[in-house]
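# A look at the structure
The lines below spell out each chain.
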Amino acid sequence: QAAAGGSRAALRACGVHNVCRLLTRRAHGFYARDAGVAHRKNLGLLRRIMCQESTKFKNVWTTHSASPIAYERGRIYMDNYQCCITSIAQQPRLIYQKSKCAKSEKIEDALLLECPLGEMLPSPSDYKASLIVLTVQNWLLRLSADSGEVLEKVYLAGSCCKFFRYLSWDTPQEVMIVKSAQNKLPAAARQAGIQQTVLFYLAVFQVLPLSFIGMLEINKKIFGNSVTDVAVSNGILIVMYSMGLVRLYNFKAILEQFMEQPFDLGQEFNWNGQVGVVGKYPFGLPCNIKITDTPPLLFEASSLENAFQIGGYPWHYIITPNKKKHKGVFHICSLKDNALAKNGIQDMKCCSLEPDWIYFHPDMSGRIIHVGPNLIKVLKLKEVKNHSDQMEIAEDFTIVANRENCVNNSVTVTASGRVVKKRFTLLDDDPEQETFKIVDYEDELDLLSTVAVTQIGADGRAHLDFHCNEHGILLKSIPLKESWDVTYSHEVYFDKDLVLHIEQKPNRRFSCYVYQMVCDTARDDD
């Protein structure tokens, strides 16, 4: 009551009588006693310091590995998650190093699990960050992020499935999906005429505390013969088909409608003639969600390579017409009535080896980012003038690569000695011209980051640029010291005052380069 009275007093004091305006002022830190104000101010200071001309980013650490390198929230994982290094310290240092694991204990996938705010949890260890990992032998483990100690373990595969391989979030940090590899019969079984109807298994968990919701199968008899993949996101079951069709179903409704019997981890059960303990070896988890009829269809669309995204406000979706000749053409349509938005066909008409890509902006603004080899467009949805029921796509701002219009001359000499010059234009993503390779968003600093690369001969040079997320203005450019080969696979992470570059070379050789913010440059030109 006291807090509510204080809020009302603050509302009256500033003369604000509109809830939306009040919330906006709170987000901007007008009320010093609000939770999060100090944190927002600190991040604002960090952004200003980082974008100063005198602030540099220095390469403080480099390492190489024969196994993949992963990065999660200030931690670098190597040797199949057996080695953990913090990148937050002034120079990266070892957090823990576990003994080399056997091939049977190899980790297939991992998710970082962070403590929810304002909830009472059963164990003190639940309040610290942990890592959920999936092993090749179908064990789901929760590891301490600080020591690698096993906090919880669940055996997944009973008699139904032997190949769980993928972890993903349905609701981030709340509901987790464990997906199997696609079930395929051995060649001998197929030749004998044996039919395989179950394509995938999905195990669903609530996290912190870790609890089992249920397991279900994706069956050809229910969803059709041409299913190629499935995913779950934000309460939606997404089923993809070989002919480019994408179908959406209400996942929560499926769980409620087809749940045969709920089970808890550690509970003894007698299920279909099997007696065991849920989540313990050798029984694993029961398949307690049986879809016996096709669920109600929420939405379907046909798109090239099953590319389908939903976002914006009001809700829109992005597809590519399902023909190869339309590759690189994107249609932005209303989810309500499938109507194409005005200016809703986006086509950069790129002549390049790598296609352009498009996605809804992760800042929840409803905007759209369209990235081509030399151009980044940030688009927005707005109402058509005098037609409030129709939306149009308008350009918010663009970011253009720093390159020249190069037209090369190919000189040939005929048998008679006549010189013939043939003019031709380079590809839009020719490595000798600056080309955008990565675009990302740093949510805490509200910055749009881009990586642009130019390769001359065998030596490629890249720089990471920070742009104002609201207007696209260039605020800072950071040259990366290491050579960048455009034929290799690259990942770049920008996390507050840290830049981390992971490179995969041929023959499974991996490199990691760590840059940290340095403000005092008077004695160090790096």
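Being a predicted model, the structure only gives us computed values, none of them experimental. (Residues numbered from 1 in each chain as written. Predicted model: local features only at pLDDT ≥ 70, side-chain atom pairs only at ≥ 80, totals over all residues. Heavy atoms only, no water.)

### Details of the overall build of the chain
For the chain, the helix and strand inventory stands at six helices and 36 strands. The buried share of the chain, reckoned over its 526 residues, is 44%. Counted over contacts in the chain with a minimum sequence separation of 6, partners at least 24 positions apart contribute 47%. Carbon and sulfur atoms provide 51% of the accessible area of the chain, an area that totals close to 28,700 Å². (Helix = DSSP H or I, 4+ residues; strand = E, 2+ residues; numbered from the N terminus. Buried < 20%, exposed > 50% of the residue type's maximum accessible area, 1.4 Å probe, protein only. Contact = heavy atoms within 4.5 Å. Areas by Shrake-Rupley, 256 points an atom, 1.4 Å probe, with all protein chains shown as cover.)

### As for the sheet that holds strand β15 (residues 236-241)
Read across the sheet, four strands follow the order β14-β15-β16-β19 without closing on themselves; strand pairing throughout is antiparallel. Edge positions in the open sheet fall to β14 (227-233) and β19 (297-302), since each of these has one partner strand only. The average undirected angle you get between the axes of adjacent strands in this sheet is 20 degrees. Inspection of the sheet shows β15 paired to strand β16 (residues 245-250) by five bridges, in the antiparallel sense. The partner of V239 across the bridge, within β16, is R247. (Pairing = 2+ DSSP bridges. Axes fitted to C-alpha atoms, helices over the stretch in contact; angles between N-to-C directions.)

### Concerning the packing of aromatic side chains
In total, this model carries 14 aromatic pairs according to the counting rule given. Aromatic pair F299 and Y317: ring centres 5.0 Å apart, planes at 65 degrees, arrangement edge-to-face. Placement of F299 in strand β19 and of Y317 in strand β21 (residues 316-319) is noted, with a sequence separation of 18 residues between them. Judged by relative accessible area, which is 5%, Y317 ranks as buried. The rings of F57, F466 and F494 are connected pair by pair, giving a single aromatic cluster. Over the ring of W139 we find K153, and its NZ or CZ is 4.7 Å from the ring centre. The positively charged end of K179 is found above the aromatic ring belonging to Y166, 5.2 Å away from the centroid. (Phe/Tyr/Trp six-rings, centres within 6.5 Å; stacked < 30°, edge-to-face > 60°. Lys NZ or Arg CZ within 6 Å of the ring centre and 35° of its normal.)

### So, the nonpolar core
Membership of the largest hydrophobic core comes to 30 residues, with the highest contact counts inside it found for L140, L156, F164, M176, V178, F205 and L285. Where this core is concerned, the elements lending two or more residues are β6 (107-113), β7 (130-135), β9 (150-155), β10 (164-171), β11 (175-180), β12 (198-206), β13 (211-219) and β17 (268-271). A total of four residues in this core trace back to one element, the largest contributor, which is β12. Within the second largest apolar cluster, 24 residues are counted, among which are V175, F200, L237 and I289. (Core = buried A, V, L, I, M, F, W, Y, C linked by side-chain atoms within 4.5 Å.)

### Description of helix α6 (residues 251-258)
All of the buried residues in α6 are F251, I254, L255 and F258. Each buried residue of α6 sits inside an arc of 100 degrees when the element is viewed along its axis, so together they form one side. With respect to the buried face of α6, the exposed residues turned more than 90 degrees away are K252, E256 and Q257. N-cap assignment for α6: the residue whose side-chain oxygen lies 3.1 Å from the backbone N of K252 is N250. (Arc of directions from axis to C-beta. Polar contact = N/O pair within 3.5 Å; in protein donor to acceptor, adjacent residues only side chain to side chain.)

### Description of the UniProt feature "transmembrane region" (unreviewed entry) in the chain
Mapped onto this structure's residue numbering, the UniProt feature "transmembrane region" (unreviewed entry) falls at residues 198-218 and 230-249. End C-alpha atoms of residues 198-218 are separated by 6 Å, and the span's content is 0% helix alongside 81% strand. Between the C-alpha atoms that bound residues 230-249 there is a distance of 11 Å. The span itself is 0% helix and 75% strand. (UniProt positions renumbered as here; feature names shortened; annotations may be inferred.)

### Things to note about the pairing of strand β3 (residues 75-78)
Of the two faces of β3, the one carrying R75 and Y77 and the one carrying I76 and M78 are both buried. As paired strands, strand β2 (residues 70-72) and β3 are joined by three bridges and run antiparallel to one another. Residue pairing for β3: A70 is matched across the bridge by Y77. The antiparallel pairing of β2 with β3 creates a hairpin that spans two residues between the two strands, and R73 there sits at a positive phi of about 45 degrees. Note: β3 against strand β4 (residues 83-86), four bridges, orientation antiparallel. Looking across to β4, one finds that R75 is bridged to T86.

### Structural notes on unusual backbone geometry
Following Y281, the chain continues to P282 via a peptide bond in cis, the omega torsion being 5 degrees. Along the polypeptide, P282 turns up in the loop between β18 (274-277) and β19. Of note, the amide linkage connecting Y313 to P314 takes the cis form, showing an omega dihedral of -5 degrees. We note that E305 has phi near 60 degrees; this positive angle belongs to a residue other than glycine. Here E305 shows up in the loop between β19 and β20 (308-311). Its relative accessible area of 59% is what places E305 among the exposed residues. Positive phi outside glycine occurs at K496, with the angle close to 55 degrees.

### Topic: the sheet that holds β9
In space, the four strands of this open sheet follow the order β6-β7-β8-β9, with antiparallel pairing throughout. A single partner strand is all that each edge strand has here, and the edge strands are β6 and β9. Strand-to-strand, the axes of this sheet are offset by a mean angle of 20 degrees, without reference to chain direction.

### Some words on the pattern of salt bridges
Taken as a whole, this structure holds 16 salt bridges when the rule is applied. For D146, the salt bridge goes to R75, with nearest N and O atoms at 3.2 Å. Of the two residues, D146 sits in the loop between β8 (139-144) and β9 while R75 sits in strand β3, which places them 71 residues apart along the sequence. Here D146 falls in the partly exposed class, since its relative accessible area comes to 38%. (Salt bridge = Lys/Arg side-chain N within 4 Å of Asp/Glu carboxyl O.)

### Things to note about the pairing of strand β30 (residues 435-442)
In terms of burial, β30 is a largely internal element, six of the eight residues being buried. Pairing analysis gives seven bridges linking β30 to strand β31 (residues 447-456), with the strands arranged antiparallel. Bridge assignment links E442 to a residue of β31, and that residue is L447. Where β30 hands over to β31, the hairpin turn is made up of four residues, of which D446 adopts a positive phi near 55 degrees.

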